[in-house]
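# Summary of structural features
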Amino acid sequence: QQRPPNPPRGSGRLTSSLGMIGAGGMLLLGKGKYILGALKLTKFASLGSMLLTVGAYTAFFGLPYAVGMTSLILIHESGHALVMKKLGIPFSPMVFIPFMGAAVAMKQRPKDAYE
């Protein structure tokens, strides 16, 4: 009688991580759009999405990395917002998207290509 081969060591952690990514992806594709939609409607959209991003990064890389990465994205997007404010272009609140970045949308187009 032959025994089945032993599974490779360390595959449990990889499988667990892939399972978490898959579950998170299914949440975002399923009911996540309603959660993100609700965040956009509140005055705390930026803060809520920022905390969600920090939580997502913390799950995979730890808190120091999560805070640092989210802070870098915040500084980068703040630059876009400051330029739009200087040019008088109205803009939406900053919305963070875990593992993708963040966005600040213009509410109207600039007057010309040089703006």
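See the structure printed just above.
Description of the structure in this document. Because the structure is predicted, anything quoted here is derived from the model rather than measured.

## Considering the overall build of the chain
The helix and strand tally for the chain stands at 4 helices and 2 strands. Each helix and strand of the chain, ordered N terminal to C terminal, gives the series α-α-α-α-β-β. Relative to all contacts within the chain whose residues are 6 or more apart in sequence, the contacts with residues 24 or more apart total 38%. Of the roughly 9,100 Å² of accessible surface on the chain, a fraction of 67% belongs to carbon and sulfur atoms.

## Some thoughts on the packing of aromatic side chains
Under the defined criterion, the tally for this structure stands at 6 aromatic pairs. Taken together, a centroid distance of 6.4 Å and an interplanar angle of 50° make the contact between Phe 60 and Phe 61 tilted. Three or more aromatic residues joined by ring pairs form one cluster here, namely Tyr 57, Phe 60, Phe 61, Tyr 65 and Phe 99.

## Some details on unusual backbone geometry
For Phe 99, which is not a glycine, the phi torsion comes out positive at approximately 65°. Note that Phe 99 resides in the loop between β1 (95–97) and β2 (101–103).

## Details of the nonpolar core
Judged by nonpolar contacts, Val 54, Tyr 57, Ala 66, Ile 73, Ala 81, Met 84, Ile 89, Met 94, Phe 96, Ala 102 and Val 104 together constitute the single largest core of 11 residues. Sorting the residues of this core by element identifies α3 (45–61) and α4 (63–87) as the ones contributing at least two each. Of the residues forming this core, the biggest block, 4 residues, is contributed by α4. Ala 66 has contacts with Val 54, Tyr 57 and Thr 58, leaving out every residue within four places of it along the chain.

## Concerning the packing of α3 against α4
Running from amino to carboxyl end, α3 crosses α4 at an angle of 140°, the nearest separation of the two axes being 7 Å. If you check the angle between α3 and α4, you find them oblique. Judged by the twist between their axes, the crossing of α3 over α4 is right-handed. For the pair formed by α3 and α4, the contact residues are Met 50, Thr 53, Val 54, Tyr 57, Thr 58 and Phe 61 on the first element and Leu 63, Tyr 65, Ala 66, Met 69, Thr 70, Ile 73 and Leu 74 on the second. Here the contact of α3 with α4 is composed, by residue class, of 10 nonpolar, 3 polar and no charged.

## A closer look at α3
Under the 1.5 Å per step criterion, the end-to-end length of α3 is 24 Å for 17 residues, consistent within 8% with the ideal 24 Å. Residues Ala 45, Ser 49, Thr 53, Val 54, Ala 56 and Tyr 57 constitute the buried set of α3. Viewed end-on, α3 has its buried residues packed into an arc of 165°, placing them on one side of the element. Of the exposed residues in α3, those oriented more than 90 degrees away from the buried face are Leu 51 and Ala 59. With its phi angle positive at about 95°, Gly 62 sits one or two positions after the end of α3.

Parameters and conventions
- Residues numbered from 1 in each chain as written.
- Predicted model: local features only at pLDDT ≥ 70, side-chain atom pairs only at ≥ 80, totals over all residues.
- Heavy atoms only, no water.
- Helix = DSSP H or I, 4+ residues; strand = E, 2+ residues; numbered from the N terminus.
- Contact = heavy atoms within 4.5 Å.
- Areas by Shrake-Rupley, 256 points an atom, 1.4 Å probe, with all protein chains shown as cover.
- Phe/Tyr/Trp six-rings, centres within 6.5 Å; stacked < 30°, edge-to-face > 60°.
- Core = buried A, V, L, I, M, F, W, Y, C linked by side-chain atoms within 4.5 Å.
- Buried < 20%, exposed > 50% of the residue type's maximum accessible area, 1.4 Å probe, protein only.
- Axes fitted to C-alpha atoms, helices over the stretch in contact; angles between N-to-C directions.
- Parallel < 35°, antiparallel > 145°, perpendicular 65-115°, else oblique.
- Left-handed = near helix turned anticlockwise from the far one by under 90°.
- Nonpolar A, V, L, I, M, F, W, Y, C, P; charged D, E, K, R; others polar.
- Expected span 1.5 Å × (residues − 1).
- Arc of directions from axis to C-beta.

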